[in-house]
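Read off the chains here:
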There are 2 protein chains.
Amino acid sequence: MTVKQLTLPELTQACAALGVPGVGLWREPVREYGTEAAAKLVRDAGLAVTTLCRGGFFTAIDRAERAQALADNRAAIDEAATLGTDTLVLVSGGLPPGSRDLPAARERIADALGELAPYAGERGVRLAIEPLHPMYAADRCAVSTLTQALDIAERFPAEQVGVVVDTYHIWWDDQAPAAVARAGEGGRIHSFQLADWTTPLPAGVLNGRGQLGDGAVDLRAWRERVDAAGYTGPIEVELFNDALWARDGAEVLSETAARYVQHAL
Amino acid sequence: MTVKQLTLPELTQACAALGVPGVGLWREPVREYGTEAAAKLVRDAGLAVTTLCRGGFFTAIDRAERAQALADNRAAIDEAATLGTDTLVLVSGGLPPGSRDLPAARERIADALGELAPYAGERGVRLAIEPLHPMYAADRCAVSTLTQALDIAERFPAEQVGVVVDTYHIWWDDQAPAAVARAGEGGRIHSFQLADWTTPLPAGVLNGRGQLGDGAVDLRAWRERVDAAGYTGPIEVELFNDALWARDGAEVLSETAARYVQHAL
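Given the structure is predicted, the values throughout are model-derived calculations rather than measurements.

Things to note about the UniProt feature "domain: Xylose isomerase-like TIM barrel" (unreviewed entry) in chain A
Part 1 of the argument: Residues annotated in UniProt with the feature "domain: Xylose isomerase-like TIM barrel" (unreviewed entry) correspond here to residues 13-255 of chain A.
Part 2 of the argument: With 44% helix and 17% strand, the stretch residues 13-255 of chain A has end C-alpha atoms that lie 16 Å from each other.

Next comes the structure, spelled out in structure tokens:
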């Protein structure tokens, strides 16, 4: 998503040329390209698929909507397995229209995971609950902190459900370092993503994630915390940023790799 | 600030006409009108000044900037005393340019309070730390949760330092209800403010606070929690909203009072 202006073949070629060993994919471009074909493309380039984004949106109250969400998540799990990644990232969903009950929304998220976790486990796919920044609590994700995400994940086996540690969403939280340690101890850090926090935020607050080093986040400190928690998996950089999307994708990818070395390695 | 389009005389007249018994004031319009004159104006209208907004911005590293901030806060305390309010609301400040160290910023906030709290106490003014939504952590307030605000406030006597409970900033936080109870038990709820959470957020995320009832916050549940915590002080409605500011101020005030009754009383 950081360089969504690139086609999948351009992306895999640019990653391979830079020595980036893996790539996180999103469902929409994968489906457009064909899931099997995308799997082969990435494999042939010598890359790993680090994660698939995204499942989730579990908070519907309406039974038909809920059934549709579960079916879509099973499809996402199947796609992840086809791509050869062990991790499906979940954006859990916010408040349904007219609802003001966040605790109930969180319980519906846990209920949905109860139905999906065994299905994922059978296919070798781990579900990774991503706590999203509290500014998304109403409309995208009722799970706002790493602690909350862990409280839900720990109801299930670690090989089925874990969490995403994304600096953009948790950097402000003084409880997050302890939650990182707890997640690591339980083997539940299923993905680690980097983005910087820059202000002012754009309208809608979706596409203002900062290039590494441009913002307020001490990225290296977070990388060291996640290291210290025992995490040895891939580190993704996930930037939603209109200014980066308007530039040459290969150049942005190269800049991002350099910034990673400079600010996080 | 909800109806900043009104002059102070228009505001006090409109409040008195509606039966609103008190009003929170901001320093800038008070200074323009004259602090003594404003105090007389509000008193003559039979209104209480519920709070003065705002002191704070304590996070400068530079010694001269820090000294200036402390001097400005002493002036704000004096103004609060002149206005006859017992509460000065604090927006504590974010990261200084180039810094990525939130814990250090929080310690500088506590240090500044150590210098200001006795000064405030001598003048009968309580300092109220307002935790701001985490989306403001970088640029406005490194204190992002009610728990953090209490952790700092509790270093000082309750009659000198407490907290602001503002639904806009804490509604998403599953730890906040317990923090409200803790704050009430310690006599540290020095202000209670209502605003609703509406999306999409505007660019800069400052002026999108929702009119009561328009958004995701269960306002009555928060009012009941604050009640249950033993709070008996004034309840303020603080909306920063471009659309409300563009309308007739007296009409907005009247609408806001009606919404309060409908959604929070």
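The rest of the description comes next.
Things to note about the relation of the copies chain B and chain A
Part 1 of the argument: Least-squares fitting of chain B to chain A yields an RMSD of 0.0 Å, with the transformation described by 0.0 Å of translation along the axis and a rotation of 180°. What the rotation and shift describe, once combined, is the action of a two-fold rotation axis. Of every C-alpha in chain B, the one belonging to Ala203(B) sits nearest the axis of rotation, 1.8 Å from it.
Part 2 of the argument: In this assembly, 100% of the residues forming the interface of chain B have copies in chain A that are likewise at the interface, indicating an isologous arrangement.

Let's talk about the packing of helix α3 (residues 35-44) of chain B against helix α4 (residues 63-83) of chain B
Residues and elements named next belong to chain B.
Part 1 of the argument: Between α3 and α4, whose axes approach to 8 Å, the crossing angle comes to 35°. The handedness of the crossing between α3 and α4 comes out as right-handed. Where α3 abuts α4, its residues Thr35, Glu36, Ala38 and Ala39 lie against Glu79, Thr82 and Leu83.
Part 2 of the argument: Partitioning the contact of α3 with α4 into residue classes produces three nonpolar, two polar and two charged.

A short note on the pattern of salt bridges
Part 1 of the argument: For the structure on display, the rule yields 36 salt bridges over all chains.
Part 2 of the argument: The salt bridge involving Arg31(B) is made with Glu79(B); its shortest N-O contact spans 3.0 Å. Separated by 48 residues along the polypeptide, Arg31(B) in helix α2 (residues 27-33) and Glu79(B) in helix α4 bring together distant segments of the chain.
Part 3 of the argument: The partner of Arg123(B) in a salt bridge is Glu122(B), and the shortest N-O contact between them spans 3.3 Å.
Part 4 of the argument: Of the residues examined, Arg123(B) reaches a relative accessible area of 33% and is grouped as partly exposed.
Part 5 of the argument: Taken together, the salt bridges that share partners define one network made up of Arg27(A), Arg31(A), Asp72(A) and Glu79(A).

Topic: the nonpolar core
Part 1 of the argument: Trp171(A) and Trp171(B) are the most contacted members of the largest nonpolar core, which has 170 residues in total.
Part 2 of the argument: Ignoring any residue separated from it by four or fewer positions in sequence, one finds Trp171(A) in contact with Trp197(A), Ala216(A), Val217(A), Trp222(A), Leu95(B), Leu102(B), Ala137(B) and Ala138(B).

A closer look at the interface of chain B and chain A
Part 1 of the argument: The interface is formed by 29 residues belonging to chain B together with 29 residues belonging to chain A.
Part 2 of the argument: Of the roughly 2,300 Å² buried between chain B and chain A, counting both surfaces, carbon and sulfur atoms make up 61%.
Part 3 of the argument: Put simply, chain B and chain A have zero salt bridges between them.
Part 4 of the argument: Between the two partners, chain B and chain A, sit twelve residue pairs in polar contact (both at pLDDT 80 or more).
Part 5 of the argument: Classifying every residue of the side of chain B that touches chain A by side-chain character gives 16 nonpolar, eight polar and five charged.

Points about helix α6 (residues 146-153) of chain B
All names here are of chain B.
Part 1 of the argument: Taking burial as the measure, the eight residues of α6 include six buried ones, the bulk of the element.
Part 2 of the argument: Listing the buried residues of α6 in full gives Leu146, Gln148, Ala149, Leu150, Ile152 and Ala153.
Part 3 of the argument: Elements in contact with the buried residues of α6: α5 (102-122), β4 (126-129), β5 (161-166), α7 (167-170) and α8 (176-185).

What counts and how
Residues numbered from 1 in each chain as written. Chains lettered and ligands numbered in written order. Predicted model: local features only at pLDDT ≥ 70, side-chain atom pairs only at ≥ 80, totals over all residues. Heavy atoms only, no water. UniProt positions renumbered as here; feature names shortened; annotations may be inferred. Helix = DSSP H or I, 4+ residues; strand = E, 2+ residues; numbered from the N terminus. Least-squares fit on C-alpha atoms with pLDDT ≥ 70 in both. Contact = heavy atoms within 4.5 Å. Axes fitted to C-alpha atoms, helices over the stretch in contact; angles between N-to-C directions. Left-handed = near helix turned anticlockwise from the far one by under 90°. Nonpolar A, V, L, I, M, F, W, Y, C, P; charged D, E, K, R; others polar. Salt bridge = Lys/Arg side-chain N within 4 Å of Asp/Glu carboxyl O. Buried < 20%, exposed > 50% of the residue type's maximum accessible area, 1.4 Å probe, protein only. Core = buried A, V, L, I, M, F, W, Y, C linked by side-chain atoms within 4.5 Å. Buried area = accessible area lost by both parts, 1.4 Å probe. Polar contact = N/O pair within 3.5 Å; in protein donor to acceptor, adjacent residues only side chain to side chain.

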